[in-house]
4 protein chains.
Amino acid sequence: MFVEAAYGKSSVRLVRVTRHGDRHDLRDLTVAIRFEGDYGESYTDGDNAGVLPTDTMKNTVYALAARDGVSEPEVFGLALARHFLDRNPVLHRVRIDLLDHFWKRIPADGGDRGQAFQRVGPDARTARITGTREGTVVEAGVTDLLIMKTGHSAFTGYPRDEFTTLPETSDRILATSLTATWRYSDGPRDFGTDWLAVRGTLLETFAEHDSRSVQHTLYHMGEAVLRSVEAVESIHLVMPNKHHLPVDLSPFGLGNRNEIFVATTEPFGLIEATIAR
Amino acid sequence: MFVEAAYGKSSVRLVRVTRHGDRHDLRDLTVAIRFEGDYGESYTDGDNAGVLPTDTMKNTVYALAARDGVSEPEVFGLALARHFLDRNPVLHRVRIDLLDHFWKRIPADGGDRGQAFQRVGPDARTARITGTREGTVVEAGVTDLLIMKTGHSAFTGYPRDEFTTLPETSDRILATSLTATWRYSDGPRDFGTDWLAVRGTLLETFAEHDSRSVQHTLYHMGEAVLRSVEAVESIHLVMPNKHHLPVDLSPFGLGNRNEIFVATTEPFGLIEATIAR
Amino acid sequence: MFVEAAYGKSSVRLVRVTRHGDRHDLRDLTVAIRFEGDYGESYTDGDNAGVLPTDTMKNTVYALAARDGVSEPEVFGLALARHFLDRNPVLHRVRIDLLDHFWKRIPADGGDRGQAFQRVGPDARTARITGTREGTVVEAGVTDLLIMKTGHSAFTGYPRDEFTTLPETSDRILATSLTATWRYSDGPRDFGTDWLAVRGTLLETFAEHDSRSVQHTLYHMGEAVLRSVEAVESIHLVMPNKHHLPVDLSPFGLGNRNEIFVATTEPFGLIEATIAR
Amino acid sequence: MFVEAAYGKSSVRLVRVTRHGDRHDLRDLTVAIRFEGDYGESYTDGDNAGVLPTDTMKNTVYALAARDGVSEPEVFGLALARHFLDRNPVLHRVRIDLLDHFWKRIPADGGDRGQAFQRVGPDARTARITGTREGTVVEAGVTDLLIMKTGHSAFTGYPRDEFTTLPETSDRILATSLTATWRYSDGPRDFGTDWLAVRGTLLETFAEHDSRSVQHTLYHMGEAVLRSVEAVESIHLVMPNKHHLPVDLSPFGLGNRNEIFVATTEPFGLIEATIAR
């Protein structure tokens, strides 16, 4: 018995250059497309009569980018979702995921050359469009946003058992690689403006929060977004705790005034939550 | 408003050596632990009174491995889940994910030395234990199982539109990196034996199937598992289509009798389904 | 017979926080240490009498950072090199490699909070100190500097043979992930200032160059550094050609006015050169 | 002034299927090509008159594979090197690097299906051909060969200073990811047979050696190869020390009889040497 199925194309790499005379604009996207629908017979019998090839999905990304342009990732994703729903009668639900890689202009001659760019990261902007016959959901996000607090971060008051060795601390490093995804309410919207507002609120709240735990800071980051950006209905945050451990310098006759840390990658804490209005 | 939250520890790396005189056994696991429960106040108020530190979760992995040993990953995961549910009253649901890395003995002197090992892969065995106050679900799986068919694989009969360029083919390479996860029915079980049976059925069905598409082969692999391994209630398969494209040699005055391919990584098809009894 | 040998410690992760009241400074380094010397008997006979453990090398990184602080990576590397040469009589040559990860302050409240940081990249600063009994060489560099030109880049006039299919182009995208390493002349120096000058020259020259090939642009970037930064004796540049291929839209009845590209990762060109005074 | 330069193509992915009726053979190679020669004017002036495009290098890989077949990687590399030297008068030195990915047949029906394969690894076979007008050097190797000893491994007798904390141990885990590269003497040779002999000797010596350090075992692995495989002139071994640290279980009231380890990735020791006749 068939419970659930999906198919699509991932890692479609699209770079679009828009030429305004000497000055170019650049959009660098990685797109993934995912179809759910009445595709049961392709699985059970190998009947491909309704199966739009994933190669055609890929071609459609390039063709629509050429024909209609690419502005905000959400807008491009909406156009793709609409196109696929219009053309594929057995398609019930289409999901478009977009990863928007940042480039800034290289300054030259006191100004910008206008045709040379430098990648900035490691963070990237994300968008997810989920379209059905009933309606469409637009989500946006950030990923790989590496942030660190060297003060105003504690972890105390937790339960202890026979396997507890962690010392309480009122002053620890809190570092994470933030992934946040938020859902917009319906209605026309300037996706670029809202995205900047959410990202700014996340960063500022992280910087200003007196943290009692990753959970505590995560919640208040999400709550601040709901408070300050009206268009956001709910937000999901994932914050791995990238542990920075103070080095024990006492064997060397040295003290560690909370200055010398080893950054570790394994193991890591993993904290997440969804906060809604 | 709080919709959903979870926290835990990931990438806990455990290697356990069991010494039987000159002959050692080796178990190499990566463990992740995830808690869901009444942790709302840790998020909203920074109250950590019920929050078992993820550092203690990590310690518990090593302590239980030392105290009780590690046999099958499912058994170790069940012990961890039980331990955490017993000790943490506000914990509703605990999930233990285990990745089991394979090592084989290095043959030496005509026999095994017994204390020297070689990693085999890239595939690995997985297990997931999900425990609540009501009961426990055991899932097992394989990941990163790279497999390829150079015959008995076609893709034809699909719809065409103005963006279609893919030629139909009755003889293409089908290559994938299989991830499969299956759920066991309740009851006592030899997890090692069942795991081998499922993996063997997946490989054999992949090898023998006359494939009309990735979907077609995926379904019949899952269906064969349900048919041949009674303990499996349902199975989820994820099969990225790692495209191998025939190289156009005509500019060089050469033919390509379906022999010369370029292996590509981007973009890739992504096919998945869950099949249940 | 023993031709050449080396040993050391890699991936030593050091984060140092310097606290100036409410305002903190952050240095985030990955350090590698490599020893060459009279270590032959440790290889042939397992005699470790002269073999400083790599664990001690790691401890030394943390101890010196605590005792003496960490300013520019070159300065910290010089101190490490000197320390190891002083203490290890059989050590002939020590190499210290440092990777300096960038963090910027998160703006908050109109100003900086001073204790919250955001990682910037993907590029990083590098330094290499090579010390012997005779003297010390200081090299610095950048790595993972992703840069792209969407104009002023051509590739024509190359030889053709029976395996040539590449069309000549007077207007292609040139994208690379630059790794550059330069050697400083002896003498006291402000490493931070020189580093910024070299990096700025590399970026500006890349942006302004009328490129006839990757080789052509690479050379002129290096040549501009030698011309504008006196302290640099020689420079080595590595520039993978990250191909961006125009998509053929003609099957869709669309033209491609050099606007729609697929970014590829495999295969890639690889161009490098060393340029000296 | 121009000191040194090279250019070429990397990550050329070639899969060749040879069809013997129902039974297929598979060769899966990643090829890199590197040219050195009189290319100075391409750098300084952008004169591409002698610059074979890297795209043509890539085409040549596929064309020669189709025209002449692919047997051992060394033989294919030699043909490529010869081809490029013959055609490019300004080419002084060409280097061909080949990575040979292993696949084994999937057993089916009690036998092999003959057209279905499973990737085995993580190790791979390597070959490097370096051709000049004066002669050609053939090297072969293994990479990513993960091996571990759980006995017969010690590390004692090393010097101690004020930064030493490592305890001496007579029984530790020794784990590494071996990369070995060896150079063959001139003359006709069965590369497959020699490769198997070297790899077997490396594994067997690793398994049987009473190790006093990574250096000690590395040397004796290389020395055993020179002793047992006549065709090998010299061998270079690189052995990162992938530390497995015993977990301190005493806080939990448990002993660790050298059974419970945490596998770490950072930092790691790095040991290498070249051994020649």
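Provided above is the structure to which this section pertains.
Residues numbered from 1 in each chain as written. Chains lettered and ligands numbered in written order. Predicted model: local features only at pLDDT ≥ 70, side-chain atom pairs only at ≥ 80, totals over all residues. Heavy atoms only, no water.

### A few points about helix α2 (residues 54-68) of chain B
Residues and elements named next belong to chain B.
Stage number 1. Taking 1.5 Å per residue as the helical rise, α2 with its 15 residues ought to reach 21 Å, and the 21 Å between its terminal C-alpha atoms agrees with that figure.
Stage number 2. Among the 15 residues that make up α2, 13 are buried, leaving the element largely enclosed by the rest of the structure.
Stage number 3. Looking one or two residues beyond α2, the residue adopting positive phi is Gly-69, at roughly 80 degrees. (Helix = DSSP H or I, 4+ residues; strand = E, 2+ residues; numbered from the N terminus. Expected span 1.5 Å × (residues − 1). Buried < 20%, exposed > 50% of the residue type's maximum accessible area, 1.4 Å probe, protein only.)

### Notes on the nonpolar core
Stage number 1. Membership of the largest hydrophobic core comes to 147 residues, with the highest contact counts inside it found for Trp-182 and Leu-202 of chain A together with Trp-182 and Leu-202 of chain B.
Stage number 2. Once residues lying within four places of it in the same chain are set aside, the contact partners of Trp-182 of chain A are Val-138, Glu-139, Ala-140, Gly-141, Val-142, Trp-195, Val-198, Leu-202, Val-232, Ser-234 and Ile-235 of chain A. (Core = buried A, V, L, I, M, F, W, Y, C linked by side-chain atoms within 4.5 Å. Contact = heavy atoms within 4.5 Å.)

### Concerning the environment of His-236 of chain C
Residue and element names in this part refer to chain C.
Stage number 1. By the secondary structure assignment, His-236 is in strand β7 (residues 232-241).
Stage number 2. Exposure remark for His-236: the relative accessible area of 23% places this residue in the partly exposed category.
Stage number 3. Along the sequence, His-236 and Phe-35 sit 201 residues apart, while their C-alpha atoms lie 23 Å from each other.
Stage number 4. Among residues more than four places away in sequence, those in contact with His-236 are Thr-179, Ala-180, Thr-181, Glu-272, Ala-273 and Thr-274.
Stage number 5. Here the side chain of His-236 touches Glu-272 through a polar contact of 3.2 Å, side chain to side chain.
Stage number 6. Within the structure, the side chain of His-236 is placed 3.2 Å from the backbone oxygen of Ala-273, a separation counted as a polar contact. (Polar contact = N/O pair within 3.5 Å; in protein donor to acceptor, adjacent residues only side chain to side chain.)

### Observations regarding the interface of chain A and chain B
Stage number 1. Taken residue by residue, the interface counts 67 residues in chain A and 67 residues in chain B.
Stage number 2. Around 5,400 Å² of area is buried between chain A and chain B when both sides are counted, 54% of it from carbon and sulfur atoms.
Stage number 3. Along the contact surface separating chain A from chain B lie four salt bridges.
Stage number 4. Its salt-bridge partner being Glu-162 of chain A, residue Arg-87 of chain B comes within 2.9 Å of it at the nearest N-O pair.
Stage number 5. Inspection of the chain A/chain B interface yields 26 residue pairs in polar contact (both at pLDDT 80 or more).
Stage number 6. Counting residues per element, the ones that place at least two in the side of chain A that touches chain B are β1 (2-20), α1 (40-44), α2 (54-68), α3 (73-87), α5 (214-228) and β10 (268-276) of chain A.
Stage number 7. With twelve residues, the top contributor of residues to the side of chain A that touches chain B is β1 of chain A.
Stage number 8. For the side of chain A that touches chain B, the per-class residue count stands at 28 nonpolar, 24 polar and 15 charged. (Buried area = accessible area lost by both parts, 1.4 Å probe. Salt bridge = Lys/Arg side-chain N within 4 Å of Asp/Glu carboxyl O. Nonpolar A, V, L, I, M, F, W, Y, C, P; charged D, E, K, R; others polar.)

### Re the relation of the copies chain A and chain B
Both copies of the chain are related by one operation, a rotation about an axis with a shift along it.
Stage number 1. With an axial shift of 0.0 Å and an RMSD of 0.0 Å, the rotation relating chain A to chain B amounts to 180 degrees. Such values leave the two copies arranged in the relation of a two-fold axis. Judged by C-alpha distance, Glu-4 of chain A is the residue of chain A that lies nearest the rotation axis, at 12 Å. (Least-squares fit on C-alpha atoms with pLDDT ≥ 70 in both.)

Such coordinate-based values are descriptive only and should not be taken to indicate function.
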